[in-house]
Amino acid sequence: MANSSFQGFTMRPFPSQLAGLLLWLLFVFAAAAVGALASVDAPAFYARLDKPVWAPPAGIFGPVWSVLYCLMGISAWLVWRTGRNLRPALPFFCLQLGVNALWSWLFFAWHQGALAVADVFLLLLLIVLTLRAFWQSSRLAALLLLPYLAWVSFAAALTAAVWRLNR
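The paragraphs below set out a description of the structure included in this document. (Residues numbered from 1 in each chain as written. Predicted model: local features only at pLDDT ≥ 70, side-chain atom pairs only at ≥ 80, totals over all residues. Heavy atoms only, no water.)

## Side note on the nonpolar core
Then, number 1: Core analysis: the largest hydrophobic core is formed by 49 residues, its most contacted members being Trp-65, Met-72, Phe-93, Phe-107, Phe-134, Tyr-148 and Val-152.
Then, number 2: Secondary-structure elements contributing two or more residues to this core are α1 (14-38), α2 (42-48), α3 (61-82), α4 (89-109), α5 (113-137), α6 (139-144) and α7 (146-165).
Then, number 3: In terms of residue count, α3 provides more of this core than any other element does, eleven residues in total.
Then, number 4: The residues contacting Phe-134, other than those within four sequence positions of it, are Ser-75, Ala-76, Val-79, Ala-89, Leu-90, Phe-93, Arg-139, Ala-141, Ala-142 and Leu-145. (Core = buried A, V, L, I, M, F, W, Y, C linked by side-chain atoms within 4.5 Å. Buried < 20%, exposed > 50% of the residue type's maximum accessible area, 1.4 Å probe, protein only. Helix = DSSP H or I, 4+ residues; strand = E, 2+ residues; numbered from the N terminus. Contact = heavy atoms within 4.5 Å.)

Laid out in structure tokens, this is it:
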């Protein structure tokens, strides 16, 4: 079955779309796993740190990130499936995903607070650029990244606060 076109969108056949969704989710969760490898000792390390009073309990992070990674995978798939405006949207997405995974290594594995702060602010910039690029292909895809942007904004403030308290 050939791809069909509708109002400038190239719609991929359903089996290809389903495979694409699964591959994007797998890709996103693979990046999450790379970050998780750095977080093996995170609960003990995080418990030893001085934190601001507004820091959430450690048990909140896993469920929130799981939901965010699902939304990110669906968002990337929505852009991919249109078959248009993939540059710079998907390269920005992949780059921000790598910077996201790097944060865990900087903060939890290598205990480099200042670099983790720099990384999370770079991540914020890349998310904004990704969101803007996604808007051109799929507004729903861009909207699905808003909770991620909000959480990383909070995480940036928390990272900076924890770094200041534990220099």
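## What to know about the environment of Leu-143
Then, number 1: Here Leu-143 lies in helix α6.
Then, number 2: With a relative accessible area of 44%, Leu-143 lands in the partly exposed category.
Then, number 3: With 68 residues separating them along the chain, Leu-143 and Ser-75 place their C-alpha atoms 8.4 Å apart.

## Points about the packing of aromatic side chains
Then, number 1: If you walk through the whole model with that rule in mind, you get 16 aromatic pairs.
Then, number 2: Relative to Tyr-148, the ring of Trp-65 has its centre 6.1 Å away and its plane inclined at 75 degrees; by these criteria the two rings are edge-to-face. Remark: Tyr-148 occurs in helix α7 and Trp-65 occurs in helix α3; sequence separation between them is 83 residues. Here the two residues Trp-65 and Tyr-148 agree in accessibility, since each one is buried.
Then, number 3: Judged by centre distance (5.0 Å) and plane angle (90 degrees), the ring pair of Phe-107 and Phe-108 falls under edge-to-face. (Phe/Tyr/Trp six-rings, centres within 6.5 Å; stacked < 30°, edge-to-face > 60°.)

## Digging into the environment of Leu-124
Then, number 1: Along the polypeptide, Leu-124 turns up in helix α5.
Then, number 2: Along the sequence, Leu-124 and Trp-151 sit 27 residues apart, while their C-alpha atoms lie 9.9 Å from each other.
Then, number 3: Among residues more than four places away in sequence, those in contact with Leu-124 are Leu-149, Val-152, Ser-153 and Ala-156.

## A look at the packing of α5 against α7
Then, number 1: Running from amino to carboxyl end, α5 crosses α7 at an angle of 165 degrees, the nearest separation of the two axes being 9 Å. Classified by the interaxial angle, the pair formed by α5 and α7 is roughly antiparallel. Once α5 is placed against α7, the crossing between them reads as left-handed. Contacts between α5 and α7 involve Gly-113, Ala-114, Ala-116, Val-117, Val-120, Phe-121, Leu-123, Leu-124, Ile-127, Val-128 and Leu-131 from the first element and Leu-146, Tyr-148, Leu-149, Val-152, Ser-153, Ala-155, Ala-156, Thr-159, Ala-160 and Trp-163 from the second.
Then, number 2: By residue class, the composition of the contact of α5 with α7 is 18 nonpolar, three polar and no charged. (Axes fitted to C-alpha atoms, helices over the stretch in contact; angles between N-to-C directions. Parallel < 35°, antiparallel > 145°, perpendicular 65-115°, else oblique. Left-handed = near helix turned anticlockwise from the far one by under 90°. Nonpolar A, V, L, I, M, F, W, Y, C, P; charged D, E, K, R; others polar.)

This is a description of form; function is not addressed.
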